[in-house]
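Tertiary structure, described
Here is what each chain is made of, one letter per residue.
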Amino acid sequence: MAHFAEIDLNNIVLRVNCACNQDIANNGGEQSEQAAQHFATVSPLSQNGIKWIQTSYNNNFRKQYAGIGYTFDSIKNKFISPQPFASWSLDSNDDWKAPVVFPTVTTYGDNVNYSISWDESNLRWTGKDDQNNIFAWSPETSSWIATGN
């Protein structure tokens, strides 16, 4: 089963729909403009949609499977996920990276996992243990520090 992402004037993905593989093969083949144009006759564009672009469910082309809110970069011919936080930036592979590297220690005690999340207001990683104690990741010491919360 093939998949197509509908994009708007700003190259933002509005929706993703499935297509018949045989329709793709009969109308220009994988990743072709002809197949995308044919798909528009099968699944008409929405009010804000301007075109369909094929996306790969298995991430075989165009970097990754498109999702609502993703951006299609026509120069790089790939879909880029939405920026998770204002402080994050794209790396050379077009993956979003936090300004602080993800913690190298993710467990405590008898290999119990911290519940790790990004704290945008403090620009740091925080970890919560099973008692709901909150810790801040220190990249300088590669350790978790109790925050008192």
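This write-up is about the structure you can find in this document. (Residues numbered from 1 in each chain as written. Predicted model: local features only at pLDDT ≥ 70, side-chain atom pairs only at ≥ 80, totals over all residues. Heavy atoms only, no water.)

**With respect to the pattern of salt bridges**
With the rule as written, the count across this model stands at 6 salt bridges. Between Glu 33 and Lys 51 there is a salt bridge, and its shortest N-O distance comes to 3.7 Å. You can see Glu 33 sitting in helix α2 (residues 33-42) and its partner Lys 51 sitting in strand β3 (residues 51-55), a full 18 residues away along the chain. For Glu 33, a relative accessible area of 44% corresponds to the partly exposed category. Lys 51 gets classed as partly exposed once you look at its relative accessible area, which sits at 30%. One salt bridge connects Arg 124 with Asp 119, and the closest N-O pair in it is separated by 3.5 Å. Judged by its relative accessible area of 15%, Asp 119 is buried. Through salt bridges with shared partners, a single ionic network connects Lys 76, Lys 78 and Asp 94. (Salt bridge = Lys/Arg side-chain N within 4 Å of Asp/Glu carboxyl O. Helix = DSSP H or I, 4+ residues; strand = E, 2+ residues; numbered from the N terminus. Buried < 20%, exposed > 50% of the residue type's maximum accessible area, 1.4 Å probe, protein only.)

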